Amino acid sequence: VGHCHPDIIKAAHEQNQLLNTNSRYLHDNLVDYAERLSKTLPEKLCIFYFLNSGSEANDLALRLARQYTKHEDVIVLDHAYHGHLTSLIDISPYKFRNLEGQKEWVHVAPVPDTYRGLYREDHEDSVTAYANEVKNIIEQAHKRGRKIAAFFAESLPSVGGQIIPPAGYFQKVAEHVHKAGGVFIADEIQVGFGRVGKHFWAFQLQGEDFIPDIVTMGKPIGNGHPLACVATTKEIAEAFAATGVEYFNTFGGNPVSCAIGLAVLDVIEKEHLQAHATEVGNFLMKLLKEQKIKHPIIGDVRYQCPIYI
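- The name given to the chain in an unreviewed UniProt entry is AT2L2 lyase, and the organism recorded there is Uria aalge.
- In UniProt, the chain has this text filed under Cofactor (unreviewed entry): "pyridoxal 5'-phosphate".
- The Sequence similarities (unreviewed entry) field of the UniProt record for the chain holds the comment "Belongs to the class-III pyridoxal-phosphate-dependent aminotransferase family."

Put into structure tokens, the structure is as follows:
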């Protein structure tokens, strides 16, 4: 929402003057922020865990998926990057191919890129074809005695090239993954909070009938302040709590972080930043597509999320 936005600075300063403590001490800001955030999401995503970074959020999402499904394996998209923790390097082809390589429990599906991918715009049904690649991975994993815990993907692959998955792809993938006993995790850390313009969350580009099982958030959530979140269903959260090992994060969801999170949502709404992202994004796309017509060297114009952080 802009460098040193006065509303964000004010919210942080005022809360710092009152109280800033760790999360063992309950504070209304945490509940108020969870309630406010819930209004932006589908109803079934009603349980929130607050953390300090996107990497922490994705690591927790992985733990939630494995505890709920009792499975280990993860399917990711090629070129994906999900964070800097060891657990996330392991599911980030962008990183692990330059390090220790692919683990046995990691499976890599092709990016649903209809411009330069396996199945392109001229394919009769690229959505089904790309989803069937995931189905085939699941079938091959089962033959080797492996079980799928999660399909883990950015809602709009960013490091992978600003790819917009064709509408309906996530729905078909989720069908295959759920049938295999896994869950669908949508990584919104780089692409959430209205950056795609027409929707608040990038996964909503797939259509109203698609709802992930887990959503992770970071980066724009606190306008640069260390704040992150995992949203999930009651069923997954209850399975996670059933271990008896409580989840605790010392500063995740502290009063200052939540005050800042609330202020960010206020600014997005008050300054119509989602509409602004749509307007500016459409304007840039129009001009760039005109350049594409003029210059044959330009092959594709990608949807780069207008970033307002």
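## Thoughts on a nonpolar patch on the surface
- The grouping of F283, L284, L287 and L288 at the surface amounts to a nonpolar patch, some 360 Å² of accessible area in total.
- Relative to the elements of secondary structure, L287 occurs in helix α10 (residues 273–294).

## Structural notes on the layout of surface pockets
- A volume near 370 Å³ is recorded for the second largest pocket.
- If you list the elements that add at least two residues to the lining of the second largest pocket, you get α2 (28–38) and β1 (47–51).
- Top element by residues in the lining of the second largest pocket is α2. It accounts for 4 residues.

## Focus: unusual backbone geometry
- Not every positive phi belongs to a glycine, and Q162 is a case in point at roughly 55°.
- Mapped onto the elements of the fold, Q162 is located in the loop between β4 (148–154) and α7 (169–179).
- The buried category is assigned to Q162, whose relative accessible area is 15%.
- Not every positive phi belongs to a glycine, and N223 is a case in point at roughly 55°.
- Relative to the helices and strands, N223 resides in the loop between β6 (214–217) and β7 (228–232).
- Judged by its relative accessible area of 15%, N223 is buried.

## Quick notes on the nonpolar core
- Grouped together as the largest cluster of nonpolar side chains are 57 residues, with contacts concentrated most on Y33, L37, V134, F151, Y169, F193 and M217.
- Examining the composition of this core, we find that 9 residues originate from one element, helix α9 (residues 255–270), more than from any other.
- Residues within four places of L37 in sequence aside, it is in contact with F48, F50, F193, M217, C229 and L265.
- If you look at the next biggest cluster of nonpolar residues, it comprises 25 residues, including F152, I185, A228 and V230.

## Details of the packing of aromatic side chains
- Scanning the model with the defined rule gives 15 aromatic pairs in all.
- Their ring planes at 10° and their centres at 6.5 Å tell us that F48 and F50 sit as a pair that is stacked. With respect to class, F48 is no different from F50; both count as buried.
- With 4.9 Å between their ring centres and 70° between their planes, F193 and W201 make a pair best called edge-to-face.
- By relative accessible area, F193 is classed as buried at 0%.
- By way of ring pairs, the aromatic residues F151, Y169, F170, F184, F203 and F210 are connected into one cluster.

## Comments concerning the side chain of T233
- Structurally, T233 is set in the loop between β7 and α8 (234–241).
- Using a relative accessible area of 5% as the deciding quantity, one classes T233 as buried.
- Side-chain polar atoms of T233 contact the backbone nitrogen of I236, separated by 3.2 Å.

Thresholds, definitions, all that
Residues numbered from 1 in each chain as written. Predicted model: local features only at pLDDT ≥ 70, side-chain atom pairs only at ≥ 80, totals over all residues. Heavy atoms only, no water. UniProt positions renumbered as here; feature names shortened; annotations may be inferred. Patch = residues over 30% accessible without salt bridge, like charges linked within 9 Å, V, L, I, M, F, W, Y side chains within 5 Å. Areas by Shrake-Rupley, 256 points an atom, 1.4 Å probe, with all protein chains shown as cover. Salt bridge = Lys/Arg side-chain N within 4 Å of Asp/Glu carboxyl O. Helix = DSSP H or I, 4+ residues; strand = E, 2+ residues; numbered from the N terminus. 1 Å grid on protein atoms, 1.4 Å probe; cavity = no way out; pocket = protein on both sides within 12 Å on 5 of 7 lines; lining within 4 Å. Points joined across faces, edges and corners; volume = space filled by probe spheres on them. Buried < 20%, exposed > 50% of the residue type's maximum accessible area, 1.4 Å probe, protein only. Core = buried A, V, L, I, M, F, W, Y, C linked by side-chain atoms within 4.5 Å. Contact = heavy atoms within 4.5 Å. Phe/Tyr/Trp six-rings, centres within 6.5 Å; stacked < 30°, edge-to-face > 60°. Polar contact = N/O pair within 3.5 Å; in protein donor to acceptor, adjacent residues only side chain to side chain.

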